[in-house]
Amino acid sequence: MKYALGIGIIAVAIVVVISTASDVSSYVTFQEAKVMAQNGKDADIHVVGELKKDDNGEVVGIEKSDDLLSFSFVMVDANGMEQKVYYNEPMPQDFIKSEQVVIIGSYVDQYFVADQILLKCPSKYQEETIEV
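As the structure is a computational prediction, the values presented were derived from the model and not from experiment. (Residues numbered from 1 in each chain as written. Predicted model: local features only at pLDDT ≥ 70, side-chain atom pairs only at ≥ 80, totals over all residues. Heavy atoms only, no water.)

**Some thoughts on the packing of aromatic side chains**
Right, on to step 1. In the structure shown here, the tally under the stated rule is seven aromatic pairs.
Right, on to step 2. Summarising the aromatic geometry, the rings of Y107 and F112 are spaced 5.3 Å apart at their centres and angled 85° between planes, so their arrangement reads as edge-to-face.
Right, on to step 3. Assessed through its relative accessible area of 0%, F112 is described here as buried.
Right, on to step 4. Among the aromatic residues, ring-to-ring pairing joins F71, F73, Y87 and F95 into one connected group. (Phe/Tyr/Trp six-rings, centres within 6.5 Å; stacked < 30°, edge-to-face > 60°. Buried < 20%, exposed > 50% of the residue type's maximum accessible area, 1.4 Å probe, protein only.)

Now the structure itself:
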């Protein structure tokens, strides 16, 4: 009887671990995100990348709504694929200064709609060289 109870508890623990592990998201490219969306995954897709920049290093492709309550931007993933991303919230502070962007959301038609944006901003503790 003791052994049956122990085996039952272990079986329940294994089921909990497996079901929890299936919900864990990893970073994917836009191409992988599109495939996931086509296969029925319609939420919590994590894509990591950078904001699109011109030859001078200036961020390009940001469009703010008239009321400033939403905006869109162009992001480039690790494979160099560009994708327009919509975010239905105001632009986060220091968004343009970010080194890396993680968007969490889903594809709607051909557009990525972000529910959350996570930023990796440049460290204020990095050593800067000053020319005299």
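**Let's talk about the confidence of the model for the protein**
Do not read the predicted coordinates in detail wherever pLDDT is low.
Right, on to step 1. Of the residues in the protein, 74% reach a pLDDT of 70 or more, and the chain-wide mean stands at 83.
Right, on to step 2. Confidence scores differ between elements of the protein, with helix α1 (residues 2–21) showing the lowest mean pLDDT of 57 and strand β4 (residues 71–77) the highest of 97.
Right, on to step 3. In the model, residues 19–23 has pLDDT below 50 throughout and makes zero contacts with residues more than four positions away in sequence or in other chains. (pLDDT = per-residue confidence, 0-100. Helix = DSSP H or I, 4+ residues; strand = E, 2+ residues; numbered from the N terminus. Contact = heavy atoms within 4.5 Å.)

**Description of the pairing of strand β2 (residues 45–51)**
Right, on to step 1. Across the seven residues that make up β2, a large majority, six, are buried.
Right, on to step 2. Strand direction decides the pairing type here: strand β1 (residues 27–28) and β2, joined by two bridges, are parallel. Paired with V28 across the bridge in β2 is V47.
Right, on to step 3. Handedness of the β-α-β unit built from β1, helix α2 (residues 30–38) and β2 comes out right-handed.
Right, on to step 4. Sheet analysis places β2 next to strand β6 (residues 100–108), joined by five bridges and oriented antiparallel. Counted as the bridge partner of I45 is G105 from β6. (Pairing = 2+ DSSP bridges. Right-handed = clockwise from strand over helix to strand, strands pointing away.)

**Digging into the environment of Q38**
Right, on to step 1. Structurally, Q38 can be placed in helix α2.
Right, on to step 2. Residue Q38 is classed as exposed on the basis of its relative accessible area of 66%.
Right, on to step 3. It is 9.0 Å that separates the C-alpha atoms of Q38 and Y107, two residues lying 69 residues apart in sequence.

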